[in-house]
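Each chain, letter by letter, is given below.
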Amino acid sequence: MTQVTSSSTATFRALKCKECGEEYELAALHVCEFCFGPLEVVYDLSSLRGRVTRESIQEGPHSIWRYRPFLPVATENPIDVGTGMTPLVRANRLARRLGLKNLLIKNDAVNMPTLSFKDRVVSVALTRARELGFTTVSCASTGNLANSTAAIAAHAGLDCCVFIPADLEAGKVLGTLIYGPTVIAVQGNYDQVNRLCSEVANTHPWGFVNINLRPYYSEGSKTLGYEVAEQLGWQLPDHVVAPLASGSLFTKIYKGFQDFIQVGLVEDKVVRFSGAQAEGCSPIAQAFAEERDFITPVKPSTIAKSIAIGNPADGVYALEIARKTGGNISAVSDAEIVEGMKLLAETEGIFTETAGGTTIAVLQKLVAAGKIDPEETTVAYITGNGLKTQEAVQGYIGEPLTIQPNLEGFERALERSKTLHRLEWQPVLV
Amino acid sequence: MSVKVLIPTTLQKFTNNQATVLCDGSDVANLLESLDQSCPGIKARLCDEKGQPRRFLNLYVNSEDIRFLAGVNTPLQDGDEVSIVPAVAGG
């Protein structure tokens, strides 16, 4: 096992069951052996009060590691591939279109190195995997996690074996294979891949980022909360809208805000949390609508594959947060998801994948229903890149105007495009 | 008759570190009882006070979640495989 330089600022001290409170040592463990509840990392954050300041964070690296004292790693040399510190874009054109006054987009479509928020969780998980002595890492993935695990494992020199559903988008498969891991394509949906991967974990002593390393892995998403607070000038927004798959991201953004409040880096306030799902896989939205406190699993059928988790592990916690903060959880159709992707691209120049389309479509729906106040400072989290899910918009975005290489051809094409544009905007009589 | 049960790492201390156990049972509830006889104490970890599987536990019969079948009343046959899997995050 590699010798790890322990840092004086590391504050994580144990794993603790979210359900029964039982504590465990900081090993590769993810469930409580008494009640099967998920384990979460606990910190001694009070020791950071006064020691970690806005200035000390700003002097840190331009990556998620500027928040290292809040993350579950001991080393002072984490795997830093420039992950995090993605743009927080003031989205004035989209805001006007929707009827909002203060809308911002947290753009993880351009996160490094693999263009999704997963680079945050994987940077943390693989840094911790190395500390725990693993030489092979693995994961069950809907695509983005596989891209990220394979890329960062390549950088860190770790062996890698990833499990994906066999029907994933081509871009996500290719974007994993290029890094040279073993890729196992399972003929089943993500929930089946996840189950199989858990069974493999029973007999293979690897570091599975979303299984035995999950308590460390999921903490990486807190940085989406920290960055937004810092980028807003050390204050919290009024409302956030984020996609819901397993529910982990949603709960960790919340935890990120709470950490900063606790350490005194931002003023305490209630931030409303709203979640977005695709109708074809909306177990959390259904539970929210029916006022249930349990999740009934579903079989996913949607183009939003990256968030198609029918049996969401953190669903109940996401429900709890949306309810206690006065937020909502809503679902949109596949057609609305495609429109959401187009709307974000056309108004803000951001090409997101289907999960981002889901978030924008739900944002639009919540504004229309009066569930987001126009005055609220609202942050929509865009977690992945559209180039990975090109199939979803193929056939819905027009085609190039092909011409001969002469001016006449160009003028004719230009005229034609104006006509097409006019037709698109004219009211259609039915 | 016998059913193959896949045991998660967390519970392998009840099974002498075995990842699979052969067991009997006409349905899932019945199987959990008989598993508890060969591995005393394991049922209390899997089920709550009312005898229902805990909320962060997933049980599968031949790769299908029992919540899509008949829950703990899902019938079992010789050669079936039952998998015990804690909930996991992902994406």
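In this report, we go over the structure that sits alongside the text. In this convention, every chain numbers its residues from 1, walking through the sequence in written order. Chains carry letters and ligands carry numbers; both start at the beginning, A for chains and 1 for ligands, and go up in the order they are written. Per-residue local features are limited, in this predicted model, to residues with pLDDT of at least 70; the limit for side-chain atom pairs, both in listing and counting, is 80 or more; totals at the level of whole chains, interfaces and linings are taken over all residues.

### Some points on helix α9 (residues 248-263) of chain A
Residues and elements named next belong to chain A.
- End to end, α9 covers 22 Å across 16 residues, agreeing with the expected 22 Å (1.5 Å per residue, within 8%).
- Whether a residue is buried, exposed or partly exposed is read from the other C-beta atoms within 10 Å of its own C-beta, which are placed from the backbone; 20 or more gives buried, 12 or fewer gives exposed, and intermediate counts give partly exposed. For the purposes of this entry, the term helix denotes a DSSP run of H or I that reaches at least four residues, the term strand denotes a run of E that reaches at least two, and both are numbered from the N terminus. With 13 of 16 residues buried, α9 is to be regarded as a mostly interior element.
- Directly beyond the C-terminal end of α9, a positive phi value near 85° is found at G264. By this rule, a helix spans an expected 1.5 Å times one less than how many residues it contains.

### Quick look at the sheet that holds strand β4 (residues 64-65) of chain B
- Strand order across the open sheet formed by five strands is β2-β1-β5-β3-β4 (chain B), with mixed pairing between neighbours. Every other strand in the sheet has two partners, leaving β2 (20-23) and β4 of chain B as the edge strands with one partner each.
- A strand pair is defined by DSSP finding two or more bridges across the two strands. Two elements, strand β3 (residues 57-61) of chain B and strand β5 (residues 81-86) of chain B, share five bridges in a ladder whose sense is antiparallel. Pairing of Y60 of chain B across the sheet is with S83 of chain B, part of β5 of chain B.
- Once C-beta atoms are placed from the backbone, any two residues with those atoms within 7 Å are in contact. Here an angle of 0 to 180 degrees is reported between the N-to-C directions of two axes, which are lines fitted to C-alpha atoms, with helices fitted over the stretch in contact. Along the sheet, helix α6 (residues 190-203) of chain A makes contact with β1 (3-6), β3 and β5 of chain B, crossing β5 of chain B at roughly 90°.
- Here helix α1 (residues 28-38) of chain B sits on the sheet and contacts β1, β2, β3 and β5 of chain B; the angle it forms with β2 of chain B, its principal contact strand, is near 110°.

### So, the environment of V367 of chain A
All names here are of chain A.
- Secondary-structure assignment places V367 in helix α13 (residues 354-368).
- Residues V367 and A185, spaced 182 residues apart in sequence, show a C-alpha to C-alpha distance of 39 Å.
- Residues in contact with V367, not counting those within four places in the same chain, are L98, G99, L100 and I372.

### Here's the deal with the sheet that holds strand β13 (residues 377-382) of chain A
Residue and element names in this part refer to chain A.
- Taken in spatial order, the six strands of this open sheet run β4-β5-β13-β10-β11-β12, and their pairing is mixed. With one partner strand each, in any of the chains shown, β4 (88-90) and β12 (329-332) form the two edges of the open sheet. Ignoring strand direction, the axes of neighbouring strands in this sheet form an average angle of 25°.
- Alignment of strand β11 (residues 272-278) against β12, held across four bridges, turns out to be parallel. By the bridge assignment for β12, A278 is matched with V332.
- Each of β10 (239-243) and β11 touches α9; the most contacted strand, β10, lies at about 150° to it.

### A word on the packing of helix α8 (residues 222-231) of chain A against α9 of chain A
All names here are of chain A.
- Where α8 contacts α9, the axes come no closer than 6 Å and their chain directions differ by 50°. In terms of orientation, α8 and α9 fall into the oblique class. For the crossing formed where α8 meets α9, the hand is right-handed. Where α8 approaches α9, its residues K222, T223, L224, G225, Y226 and A229 are matched on the opposing element by K252, I253, K255, G256, F257, D259 and F260.
- Counted by class, the contact of α8 with α9 contains six nonpolar, three polar and four charged residues. Relative orientations are named as follows: roughly parallel for angles under 35 degrees, roughly antiparallel for angles over 145 degrees, roughly perpendicular for angles from 65 to 115 degrees, and oblique for any other angle. Two helices cross in a left-handed way if the nearer one is turned anticlockwise from the farther one by less than a right angle. They cross in a right-handed way if the turn is clockwise. Charged residues are taken to be Asp, Glu, Lys and Arg, nonpolar residues to be Ala, Val, Leu, Ile, Met, Phe, Trp, Tyr, Cys and Pro, and polar residues to be all remaining types, Gly included.

### Some thoughts on the interface of chain A and chain B
- The interface is formed by 34 residues belonging to chain A together with 24 residues belonging to chain B.
- When residues of the side of chain A that touches chain B are traced back to their parent elements, those giving at least two are α4 (144-156), α6 and α7 (214-219) of chain A.
- Per element, the largest residue contribution to the side of chain A that touches chain B is eight residues, and it comes from α6 of chain A.
- Among the residues forming the side of chain A that touches chain B, the class breakdown is 14 nonpolar, 15 polar and five charged.

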